[in-house]
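# Structural description and commentary
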Amino acid sequence: MSEADTKAIPNSMQETVWVEEVSFLDRVPRSVSMTFVFAVFLGLWQLSTSLGLVSPIILPTPGETFKDLVFVGKNLLSGDYMLLALWITVKEVIYGFALAIVIGFSLGVLVGETAFGERAIMPYLVAIDTMPKVAFAPLFVAWLGFGIESKVALAAFIATFPIVVGTAAGLHAADENSRMLFKTMGASRMQTLIKMKLPMGLPQMFTGLKIGAVGVMAGAITGEFLGGGKGFGELIRVAASQLNTPRVFSLILYLSLFGLALYALVTWTQRRVVFWHKASFVGNDE
Amino acid sequence: MPLSAAAADASAGNSAPVYELTNVGKTYARNLVIALEDVSVTLHRGSFSSVIGSSGCGKSTLLKIMAGLIPPSTGRVVLQDQPVTGPRRDIGMMFQQATLFPWRTTVENIVLPIEIRDGRAAAVKAKDRAHELLDVVGLKGFEDVYPNELSGGMAQRAAICRMLITEPAVLLLDEPFSALDELSRDMMNMELQRICAEQHATAFLVTHSIAEAVILSDHIYVMKPRPGRLAEVVTVDLPRPRTLDMITTPKFGSLVDYIRGLLDKGEAL
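Residues numbered from 1 in each chain as written. Chains lettered and ligands numbered in written order. Predicted model: local features only at pLDDT ≥ 70, side-chain atom pairs only at ≥ 80, totals over all residues.

Moving on, we get to the overall build of chain A. Looking only at helices and strands, one finds 12 helices and zero strands in chain A. Helices (α) and strands (β) of chain A occur, in sequence order from the N terminus, as α-α-α-α-α-α-α-α-α-α-α-α. Radius of gyration (C-alpha) of chain A: 27 Å, far over the 19 Å computed for a compact globule of 286 residues. In terms of overall dimensions, chain A has C-alpha extents of about 100 × 70 × 35 Å along its principal axes. A total of 286 residues make up chain A; the buried ones form 33% of that total. (Helix = DSSP H or I, 4+ residues; strand = E, 2+ residues; numbered from the N terminus. Rg over C-alpha atoms; globule rule 2.2 N^0.38 Å. Buried ≥ 20, exposed ≤ 12 C-beta atoms within 10 Å, placed from the backbone.)

Written as structure tokens, this is what we have:
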């Protein structure tokens, strides 16, 4: 036994303590850091307007914008013309989304489940999907008029493709073992589709739905910009043409609240329906 | 050593064959590969048989033919006096992965074969039987749990129940525990032996493990590759019930050595 050994004993009696290094920024709670970023944004905004870096026509001050936000909010709550305009846009979005879901799901099953669909229909879908779909807006106006139909059509047109792709990808997600198991159980094609492939593909389908939910909003507003009507997009267009920038800002904000609500609805449904697939909610909420 | 196919009948010592394959061959038309050549297998009621061989020896092709998933090119495949011409309800199958569906509870997964064959009402009725089976495999209390809360071994136990619920005449086991760790695997093999004995099951196991084949089987079909054919049918006359202690006995060791010798010879070809 050497001296070194006896010396080592007290050292080994000590508890092993380690301090994990966490950077200061990572320890700040989420609410605080989010507020901080928002405050910086407001500060820069205020600074750029009060220093006269940007013309007030291009960028109103935060104060002006807030005042208009309150005005528009009151108008919406009192059921005035803005609420009617919003209602028209909401209808366009809901009809468009419903139409996109029905068409997208049907085409998705056709493409994902049948060899004919995959060989003969998918190439055309891909070809149409690569086109700038907004460019079809004048056609829809010409075919369906200046009413809400042409906006619904454009909104549905944009939202359909991600739903088709999500559904088809979902149907392809079933693994070899599950297919083999269903075969050994003597399941029919319909049973395999309903009891295995569709539920297994739900996570991908919901991904398609989420992309579609974003697209359907863009479609409805673009439709209103290009095809007139009485919706919220028209209010934005009019406000912009009058150089009423605060109004444009607040209208966009309320519109995005609606978009957010639609997205949240899809996410909420997903959590209910695909409760068993943890990975599909990570990053979506919280 | 009693290692010939002729001695096969002695150990099981009982009734007529349940499953009989006679001179079965399989050639894949696509690339003219001969996957299987002149394979004959006889499974007696209540017996446990294994097939072992290196990859490419055609054992998964053999299993798929036995499961009615693919047709043989030549030969006869007869289960309970009926030629096998597709998936059948008297065949139960289990894979390397438990393949439980995560949106169904354990008991709903187990009655799935009934639901597919006889409809939802029959599946509801079969739940009592499912509960009994869960008890047999030691999963009592996990009926209404979703599969992502089950461990790998528990999931395979549930898969065993799903296979047994239709009371199949033959169990086809495709490396059922090879995804588990070695300790769970040994334990599950002993469980499998117990369950098969209790249910008087006729089982056919595909495995890569010589020790697993020896500890479980009455007969071991040793296969050699290119083209896949039988090298020999080895009879294991270790007493039942088998225990894990037997692994250290000289008899077990010599059986393992003998089979390894056969496999090495097959490899050299």
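So, on to the sheet that holds strand β7 (residues 170-174) of chain B. Residue and element names in this part refer to chain B. Read across the open sheet, the six strands follow the order β6-β7-β8-β3-β9-β10; overall the sheet is mixed. The open sheet is flanked by β6 (91-94) and β10 (229-235), the only strands paired with a single partner. Between one strand axis and the next, the sheet turns by 20° as a mean value, whatever way the strands run. Direction of pairing for strand β3 (residues 48-52) relative to strand β8 (residues 203-207): parallel, over a ladder of five bridges. If you follow V51 over to β8, its bridge partner there is V206. Against the sheet, helix α2 (residues 59-66) makes contact with β3, β7, β8 and β9 (219-224), and its axis sits at roughly 155° relative to β8, the strand it touches most. (Pairing = 2+ DSSP bridges. Axes fitted to C-alpha atoms, helices over the stretch in contact; angles between N-to-C directions. Contact = placed C-beta atoms within 7 Å.)

Moving on to the domain arrangement of chain B. Residues and elements named next belong to chain B. Structurally, chain B comprises domain 1 (5-90 + 169-268) and domain 2 (98-167). Placing the centre of domain 1 and that of domain 2 at their C-alpha centroids yields a distance of 26 Å. Per-element accounting of the side of domain 1 that touches domain 2 gives the leading share, six residues, to helix α8 (residues 182-199). Across the side of domain 1 that touches domain 2, the residue classes break down as seven nonpolar, two polar and three charged. (Domains from an automatic or database assignment. Nonpolar A, V, L, I, M, F, W, Y, C, P; charged D, E, K, R; others polar.)

Every contact between the two is made by 14 residues of chain A and, on the other side, 17 residues of chain B. Mapped onto the side of chain A that touches chain B, the elements with two or more residues apiece are α9 (176-184) and α10 (189-227) of chain A. Sort the elements by how many residues they give to the side of chain A that touches chain B and α9(A) lands first, with six residues. Residue composition of the side of chain A that touches chain B, by class: seven nonpolar, six polar and one charged.

Let's shift gears to unusual backbone geometry. Residues and elements named next belong to chain B. Cis geometry marks the peptide bond from R226 to P227; its omega dihedral reads -10°. Within the secondary structure, P227 sits in the loop between β9 and β10. For the bond from R240 to P241, the omega torsion is -5°, close enough to zero to count as cis. Looking at where P241 falls in the secondary structure, it is placed in the loop between β10 and α10 (250-268).

Take helix α6 (residues 127-136) of chain B next. All names here are of chain B. Of all the positions in α6, only A130, L133 and L134 are classed as buried. All buried residues of α6 project into a common sector of 105° when viewed along the axis, lining one side. Taken together, the buried residues of α6 touch α3 (106-110) and α7 (152-164). Positive phi appears at G138, one or two residues downstream of α6, with a value of about 80°. (Arc of directions from axis to C-beta.)

Next up on the list: the packing of helix α7 (residues 137-144) of chain A against helix α8 (residues 148-171) of chain A. Residues and elements named next belong to chain A. Across the interface, α7 lies against α8 with an axial gap of 8 Å and an inter-helix angle of 140°. The angle between the axes of α7 and α8 places the two elements in the oblique class. Note that α7 runs across α8; the crossing there is right-handed. Of α8, the residues touching α7 (which contributes A137, F140, V141 and L144) are E149, S150, A153 and L154. (Parallel < 35°, antiparallel > 145°, perpendicular 65-115°, else oblique. Left-handed = near helix turned anticlockwise from the far one by under 90°.)

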